[in-house]
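The lines below spell out each chain.
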Amino acid sequence: MDNKNISAGTIARTIVLALALINQALVIAGKPIINIAEQDIYNVVSLIATIAASVWAWWKNNSFTKEAIEADEYMADMKAGK
């Protein structure tokens, strides 16, 4: 599954759907319902997006694999005219 094309809207709608289903199950079971404001949902989705973007940016700007380190060395050699 290629996750890089999933939009923020898709993620938000999926979270809202999951919360609605959980809430409905709780209502049927006679338990207190989940009381979540729209702002809370926005904050959670925003936090998830921020964490994902931070991890992606950190990973993309740091070479961890052998191939990436070799590519960095090759790029430095190319820039130096070697």
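The model shown is predicted, which means the values in this text are computed figures rather than measured ones. (Residues numbered from 1 in each chain as written. Predicted model: local features only at pLDDT ≥ 70, side-chain atom pairs only at ≥ 80, totals over all residues. Heavy atoms only, no water.)

## Remarks on the overall build of the chain
Turning to step 1, where the next piece is worked out: The number of helices and strands found in the chain is three helices and zero strands.
Turning to step 2, where the next piece is worked out: The N-to-C order of helical and strand elements in the chain reads α-α-α.
Turning to step 3, where the next piece is worked out: Here the C-alpha atoms of the chain give a radius of gyration of 21 Å, more than 25% beyond the 12 Å that 2.2 N^0.38 yields for 82 residues.
Turning to step 4, where the next piece is worked out: Each principal axis of the C-alpha distribution contributes one length, and for the chain these read about 70 × 25 × 20 Å.
Turning to step 5, where the next piece is worked out: Split into buried and exposed, the 82 residues of the chain put 1% on the buried side.
Turning to step 6, where the next piece is worked out: As displayed, the chain offers around 7200 Å² of accessible surface, 64% of which is attributable to carbon and sulfur atoms.
Turning to step 7, where the next piece is worked out: Charged side chains of the chain number 7 positive and 8 negative; the gap between the two group centres comes to 3 Å. (Helix = DSSP H or I, 4+ residues; strand = E, 2+ residues; numbered from the N terminus. Rg over C-alpha atoms; globule rule 2.2 N^0.38 Å. Buried < 20%, exposed > 50% of the residue type's maximum accessible area, 1.4 Å probe, protein only. Areas by Shrake-Rupley, 256 points an atom, 1.4 Å probe, with all protein chains shown as cover. Lys, Arg positive; Asp, Glu negative; His and termini not counted. Charge placed at Lys NZ, Arg CZ, Asp CG, Glu CD.)

## Let's talk about the pattern of salt bridges
Turning to step 1, where the next piece is worked out: For the coordinates displayed, the defined rule picks out one salt bridge.
Turning to step 2, where the next piece is worked out: Here Glu70 ties to Lys66 by a salt bridge, and the two come within 3.9 Å at their closest N and O atoms. On the criterion of helical spacing, the pair formed by Glu70 and Lys66 is a turn pair, its members being four residues apart in helix H3 (residues 66-79).
Turning to step 3, where the next piece is worked out: By relative accessible area, Glu70 is classed as partly exposed at 42%. (Salt bridge = Lys/Arg side-chain N within 4 Å of Asp/Glu carboxyl O.)

## With respect to H3
Turning to step 1, where the next piece is worked out: For H3, built from 14 residues, the straight-helix expectation of 20 Å at 1.5 Å per residue is met to within 8% by its first-to-last C-alpha distance of 20 Å.
Turning to step 2, where the next piece is worked out: One or two steps after H3, the chain reaches Gly81, where phi turns positive at roughly 85 degrees. (Expected span 1.5 Å × (residues − 1).)

## With respect to a nonpolar patch on the surface
Turning to step 1, where the next piece is worked out: Taken together, Leu47, Ile51 and Val55 make up a surface patch of nonpolar side chains, about 280 Å² in accessible area.
Turning to step 2, where the next piece is worked out: As for its position among the elements, Val55 is in helix H2 (residues 38-60). (Patch = residues over 30% accessible without salt bridge, like charges linked within 9 Å, V, L, I, M, F, W, Y side chains within 5 Å.)

## What to know about the environment of Ile51
Turning to step 1, where the next piece is worked out: Mapped onto the elements of the fold, Ile51 is located in helix H2.
Turning to step 2, where the next piece is worked out: Sequence separation of Ile51 and Gln24 is 27 residues, and the distance between their C-alpha atoms is 29 Å.

## A few points about the environment of Ile48
Turning to step 1, where the next piece is worked out: Here Ile48 shows up in helix H2.
Turning to step 2, where the next piece is worked out: Of the residues examined, Ile48 reaches a relative accessible area of 41% and is grouped as partly exposed.
Turning to step 3, where the next piece is worked out: In sequence terms Ile48 and Phe64 are 16 residues apart; their C-alpha atoms lie 24 Å from each other.

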